[in-house]
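What follows is each chain in one-letter form.
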Amino acid sequence: METSVAPEPSARTAFAGLVDYAGLFPPAKLAIEQAAREYREARNGPHAWMLGRFIIPVSVLASNPQAVDAAFSAIVDVLGDEARWFEEVASRVAAAADLRQRGARIEALEIALPASVVSAGELAAPLRHLRERIAAERLDDLPCYVEFTRTPGEMPNVTRALAAASGAGLRAKLRCGGVTAQAFPSVDEVADFIAAAAAQRVAFKATAGLHHPVRHIDAATGFPMHGFLNLLTAAALATRVSREMLHAIVAEEDAGAFTFSPATLQWRSERIDSTQLAAVRDAFIAYGSCSFSEPVEDLTALGMLATR
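Quick caveat, the model's predicted, so the values are computed rather than measured.

### Overview of the packing of aromatic side chains
Scanning all chains against the criterion turns up 11 aromatic pairs. Their ring planes at 65° and their centres at 5.4 Å tell us that Phe15 and Phe260 sit as a pair that is edge-to-face. Remark: Phe260 occurs in strand β10 (residues 258–260) and Phe15 occurs in helix α1 (residues 9–15); sequence separation between them is 245 residues. For the residue pair Phe15 and Phe260, the accessibility class agrees, reading buried in each case. Members of the aromatic cluster, joined through ring pairs, are Phe15, Phe228, Phe260 and Tyr287. We note Lys205 situated over the ring of Tyr145; from NZ or CZ to the ring centre the distance is 5.9 Å.

Here it is, written out as structure tokens:
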């Protein structure tokens, strides 16, 4: 039987524009020419509806302004001394504003707070200052995602952090992995973040370690890898299930526990209807992946992208 790339309507709502392309970053770490080519091929392919923005550091975009024809999510990359962090962020934000004025389609900003700022505890003032700097460069119409850098094995107080982000009119970013086992937050950490984001009504994106839909143990590294479908489902159910059930959703490793019908996504006995799916995509905006083909191939193998 011929297969179709047309998914159930519920799956299309769930996955539309979900994958921000991060081919410039590890583990792919492609040259910009190759990353641009892969993004262009994906944008012209049958699953282009799943593709989001091209993630690029401001410094790389400044050096290669014509290399990629794309809508960008710009990483405000700061490489210097943490003591001069705000000064360097201001310089990068100014550079992003200049690039935008010259025609770069920057549609979002992503900024990682250094661990020293996060561990200091008082986040409201730094985040307000950050927001003011963005506004001063006339970029305050852009969504800005703030990553609260964690010490391995220890997330910051997410309730306090996300309350500060909400107060400053900022979004949040959750890092779900990296190149070492310590870079992967625990199930509890991820569940706590999703619960706090829902409670504070802070939209978020995720990044790193999320090539695949469902949580699993990576055969090559032995690392437990979070799943983007787990995160999506948890975000959709965060305000109506118990803390224990939210943990179970994030921890779920059985792909068969997630099913799509024309109008719903179901995890075990919990149903998420089309209205709720649309609403969760206003909460869980996207996730960054250095591969676009892997999530497409996995969802196809699970039968979630084909209706016949």
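This is not the end of the story, as more comes after the structure.
### Overview of the sheet that holds strand β13 (residues 284–289)
With parallel pairing, eight strands are arranged side by side around a closed barrel as β1-β2-β3-β4-β5-β6-β7-β13. Taken over all neighbouring pairs, the strand axes of this sheet differ in orientation by 30° on average, direction set aside. Where helix α9 (residues 228–237) meets the sheet, its contacts fall on β6 (171–175), β7 (204–207) and β13, and the angle it forms with β13 comes to roughly 165°.

### A few points about the sheet that holds strand β12 (residues 270–273)
With respect to topology, three strands assemble into an open sheet ordered β10-β11-β12, the strand pairing being antiparallel. In the strand order of this sheet, the two ends are held by β10 and β12, each with one partner. Going across the sheet, the axis of each strand differs from the next one's by a mean of 20°, ignoring polarity. With four bridges joining them, strand β11 (residues 264–267) and β12 adopt antiparallel strand pairing. Bridge pairing links Thr264 to Asp273 in β12.

Calculation criteria
- Residues numbered from 1 in each chain as written.
- Predicted model: local features only at pLDDT ≥ 70, side-chain atom pairs only at ≥ 80, totals over all residues.
- Heavy atoms only, no water.
- Phe/Tyr/Trp six-rings, centres within 6.5 Å; stacked < 30°, edge-to-face > 60°.
- Helix = DSSP H or I, 4+ residues; strand = E, 2+ residues; numbered from the N terminus.
- Buried < 20%, exposed > 50% of the residue type's maximum accessible area, 1.4 Å probe, protein only.
- Lys NZ or Arg CZ within 6 Å of the ring centre and 35° of its normal.
- Pairing = 2+ DSSP bridges.
- Axes fitted to C-alpha atoms, helices over the stretch in contact; angles between N-to-C directions.
- Contact = heavy atoms within 4.5 Å.

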